[in-house]
Amino acid sequence: MKKIHLVIFLLISYISVGQNLTVISGGSITIPKDSYVFVGGDFNNAAGTVTLHSDSDEFSSLLVNGTTSGTITYNRYVNVVGSGEWDLIGAPVSGMAFSTLIQDANIANNGSGVYAVGAYDNTTDTWANATNATVGNLMLGQGYQMATTSGGTLSFTGAIASGDQTVTITNNDAANSGAGRRWNLIANPFASYLNGNSNADGTNNFLTVNTASIDDNFEAIYGWKADGTGYAIYNNTSTATYIAPGQGFFVAALSDGKGDDIHFTQAMQTVTGADDFVAAKSAASYELVLDMYSDAIKVDDTKFYFKEGLTLGLDPGYDAGSFNQSSGFSSRLVDQDNGIGMGINAMPTDAMSNAIVPLVVHQQAGVSLKIQIANSTIPEDINVYLEDTVENTFTLLTNEGFELLAQTTLSGVGRFYLHYTTSTLSTDTVSSTSLVTAYKGTGNTYITVEGLQQFSEPAQFILYNVLGMKVLSRKIQNPLQKEMLSTVGMKTGVYILKVQAENIVFTKKLVIE
C-alpha cells in the first residue's frame, strides 16, 4: 500500500484513512477532544508527534486496524482529588512508566512523596499508591485510582495497544479470612472507545465477549460516579454504553477460585462514544429508579427494569448485584433469591401489575430515612407501593416519598417490600408478602434464613431430603433477622426447608453441593 506522510492539526471532526499512515520526522498529528482518526491499514510514527486530547466529557480516539509502531501521547482527563472524588483510570498506551507519570505537574500528591495513582489489591481490599521509589510501568488493561490537583489532564506517552488484549481477574472473596473481594479493577487499554454492552453492538461488546468470565450475579460494568453515592451499574438494561479511552471500572470474577481471562478485542473498538461513566441510563422498555436518603443526603439508589422475555429469577447481563453488599439500598430477586442484593432487578413486563419485590435497607438507628422515585418510565396506571411490615403501612410512591425515623438499626431483608400493582392498597389490605426467605450461598457451608425478626414466637426449622426424610430439626426461641443452619456433613442433593413461625409456614427447595 502507498504511504501517506502527514502534518495535521485536525480541523474537522474526523479523518478516516483507508490505507497505511506514517508520520515522518518532524511531522505531527493533533486530535482534538471531539475528534478521531481511523487508520484502515498500519500506523507508523517514525519520529514525529501524535497527540490526543480530552476533557471531562469528550475524548478523542485513534483506532488502527493494522499493526502499529512508534509512540503517541494521550492527554487524558482525570478527576480532581478530594473526598468522594478521584477517578478510575488505566493507561491508554503501553510502556508508560510510573516515574514519568508522577512527575506530571497536574498529578495530586500529599506533599510527602505519595502520589495520587494507586493499584487495588482485592486480596486485602486495600490500595497502594505510588511513591518516588515505585518502579516499572503501568500495566496495560489494569485500572488505577488517580486524581489531579484541580481536575485536568495527565499525559500518557507510549505505544498504541495493538491487536487483542487480555487481563486475568481473580475472585478473592473468601481469601484472607474473608477480607478479600470478588472485584477486579481493569481498564480500556486502547486509545479509542469500546462497545460496552449489547445496545452499543449486538456481538462485539465487552459484556457479551466476557460473559463466561464474569459472575452471573454481577454481569455488568461498575463505574465510579464520584458524587458520594458509589458505583453506577452498566449492563444490557442501559442505553448504548461506550467505554472511553483509558477508562477504569470494576468487574466481578467467578467464584471458582481460579483466574479467568478478560478480553479486550480489536473488534470491540469504536471511534465514537459519549463521555466517561456517569449515572446509568436506561434502554427501551420500562424502568423505575428509587433514591434513598439518610438525613436528607442521598446515599444510594437502586433500579428496577422491565422487558419482555426476562424472568423473575436471575437474568445474567440484565440483573446485577450491588457493588457493596453490606451497606446502602438494594432489592432481592422475586424468584430464586440467592442472598444477593441487586442494584438492578430485571423482570418481565407483566411483573409491573403483580410483583412484590423484597427491599434491602441498611440504616443506623436514630437517622431519618427517605425513599422516593428518582425516575420512572412505567405506565401511569401502575401503582408502586412501599410496604413497611412493622408499621403496617403502604406508601404510594408515585404520590409521595416514604419517610421513617428508624428507632432501631435496619439491616437486610424482611421488613420493606415494593408492590407493583394496578390495585389500590391500604392499611386494611391483607398483605400477601412472604416475610421469610432462605438460600444457600455458593461455597457456603450453611443455609441462611432471613426475615424472622418479625415474629415474637419461636421459629421451627425442619429440613427434609428428597425422599421426605427429616434430616434436621431446630427450634429458635427468639429468632434474629438472620439465622444460619449448618450443612456440614450433609450429602450433595436436593432438600426441602420448612419454616414455621406464628401463623406462617414457609417452604423452599434448596440444593446442597
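Let me begin by describing the structure that accompanies this report. On a predicted model such as this, the values are computed, not experimentally measured, just so you know.

### Some details on the environment of I221
- Along the chain, I221 turns up in strand β20 (residues 221–224).
- For I221, a relative accessible area of 1% gives the class buried.
- Sequence separation between I221 and T170 is 51 residues; the distance between their C-alpha atoms is 16 Å.

### Some remarks on the layout of surface pockets
- Taken as a whole, the largest pocket spans an internal volume of roughly 1500 Å³.
- Around the largest pocket sit 48 residues that line it, and N338, I340, G441, T442 and N444 are the ones nearest its centre.
- Taken together, the elements giving at least two residues each to the lining of the largest pocket come down to β38 (446–450), β41 (482–486) and β43 (504–512).
- It is β43 that provides the largest number of residues to the lining of the largest pocket, a total of four residues.
- Residue classes in the lining of the largest pocket are distributed as twelve nonpolar, 23 polar and 13 charged.

### Quick notes on empty space enclosed by the protein
- Here the structure, examined in full by the defined rule, presents one cavity of 30 Å³ or more.
- When its volume is computed, the largest cavity comes out at roughly 30 Å³.
- L62, L63, V64, G66, T68, I160, A161, S162, G163, Q266 and Q269 together form the lining of the largest cavity.
- The dominant element in the lining of the largest cavity, judged by the number of residues it contributes, is strand β9 (residues 61–64), at three residues.
- Class assignment for the residues of the lining of the largest cavity results in five nonpolar, six polar and no charged.

### Comments concerning the pattern of salt bridges
- Taken as a whole and judged by the stated rule, the model has twelve salt bridges.
- K303 is the salt-bridge partner of E287, the closest N and O atoms lying 3.7 Å from each other. Of this pair, E287 sits in strand β26 (residues 286–294) while K303 sits in strand β27 (residues 297–306), placing them 16 residues apart in sequence. Accessibility assignment for this pair places E287 and K303 in one class, buried.
- A salt bridge links R332 to D337, with the shortest nitrogen-to-oxygen separation between them at 3.1 Å.

### Side note on the side chain of N235
- The residue N235 is located in the loop between β21 (231–234) and β22 (242–243) in this model.
- Within the structure, N235 has its side chain in polar contact with the backbone oxygen of G317 (distance 3.4 Å).
- Excluding its chain neighbours within four sequence positions, the residues that come into contact with N235 are N197, L207, E219, A220, G317, Y318, D319, A320 and I344.

### Structural notes on the nonpolar core
- Counting 36 residues, the largest nonpolar core has L62, V117, M146 and F156 as the members making the most contacts within it.
- A total of four residues in this core trace back to one element, the largest contributor, which is strand β11 (residues 72–78).

### Here's the deal with the sheet that holds β38
- Taken in spatial order, the three strands make up an open sheet running β37-β38-β41, and their pairing is antiparallel. Sheet topology places β37 (437–439) and β41 at the edges, where each strand pairs with a single neighbour. The average angle at which neighbouring strand axes cross in this sheet is 20°, direction not considered.

### Concerning unusual backbone geometry
- In this model, A296 sits at a positive phi of 70°, which is unusual for a non-glycine residue.
- Locating A296 in the fold gives a position in the loop between β26 and β27.
- Of the residues examined, A296 reaches a relative accessible area of 71% and is grouped as exposed.
- Phi is positive for N392, which is not a glycine, with a value near 55°.
- Following the sequence through the fold, N392 ends up in the loop between β33 (383–388) and β34 (393–396).

### Quick notes on the packing of aromatic side chains
- In total, this model carries 17 aromatic pairs according to the counting rule given.
- For the pair Y120 and W127, a centre-to-centre distance of 5.0 Å together with 50° between the ring planes defines the contact as tilted.
- For Y120, a relative accessible area of 15% translates into the label buried.
- Note on F306 and Y420: the rings are 5.1 Å apart at their centroids and 75° apart in plane angle, and the pair reads as edge-to-face. With F306 in strand β27 and Y420 in strand β36 (residues 416–421), the pair connects residues that are 114 residues apart, well separated along the chain.
- The exposure class assigned to F306 is buried, which follows from its relative accessible area of 0%.
- Ring pairing ties together the aromatic residues Y120, W127, W183, F218, Y222, W224, Y231, F250 and F323, which thus form one cluster.
- Lying across the ring of F323, R181 places its NZ or CZ 5.8 Å from the centre.

### Things to note about the side chain of S330
- Mapping S330 onto the fold places it in strand β29 (residues 329–331).
- If sequence neighbours within four positions are ignored, S330 has contacts with T302, S322, G341, M342, L359 and V360.

### Some details on the environment of Y464
- Structurally, Y464 can be placed in strand β39 (residues 459–465).
- As a C-alpha pair, Y464 and L288 span 176 residues in sequence and 39 Å in three-dimensional space.
- What Y464 contacts, discounting residues up to four positions off in sequence, is M469, K470, V471, Y495, I496 and K498.

### Description of the pairing of β41
- Burial along β41 is one-sided: the residues E483 and L485 are buried and none of K482, M484 and S486 is.
- For β38 and β41, the ladder comprises five bridges, and the chain directions are antiparallel. Residue pairing across strands places V449 opposite E483, the latter belonging to β41.

About the criteria used
Residues numbered from 1 in each chain as written. Predicted model: local features only at pLDDT ≥ 70, side-chain atom pairs only at ≥ 80, totals over all residues. Heavy atoms only, no water. Helix = DSSP H or I, 4+ residues; strand = E, 2+ residues; numbered from the N terminus. Buried < 20%, exposed > 50% of the residue type's maximum accessible area, 1.4 Å probe, protein only. 1 Å grid on protein atoms, 1.4 Å probe; cavity = no way out; pocket = protein on both sides within 12 Å on 5 of 7 lines; lining within 4 Å. Points joined across faces, edges and corners; volume = space filled by probe spheres on them. Nonpolar A, V, L, I, M, F, W, Y, C, P; charged D, E, K, R; others polar. Salt bridge = Lys/Arg side-chain N within 4 Å of Asp/Glu carboxyl O. Polar contact = N/O pair within 3.5 Å; in protein donor to acceptor, adjacent residues only side chain to side chain. Contact = heavy atoms within 4.5 Å. Core = buried A, V, L, I, M, F, W, Y, C linked by side-chain atoms within 4.5 Å. Pairing = 2+ DSSP bridges. Axes fitted to C-alpha atoms, helices over the stretch in contact; angles between N-to-C directions. Phe/Tyr/Trp six-rings, centres within 6.5 Å; stacked < 30°, edge-to-face > 60°. Lys NZ or Arg CZ within 6 Å of the ring centre and 35° of its normal.

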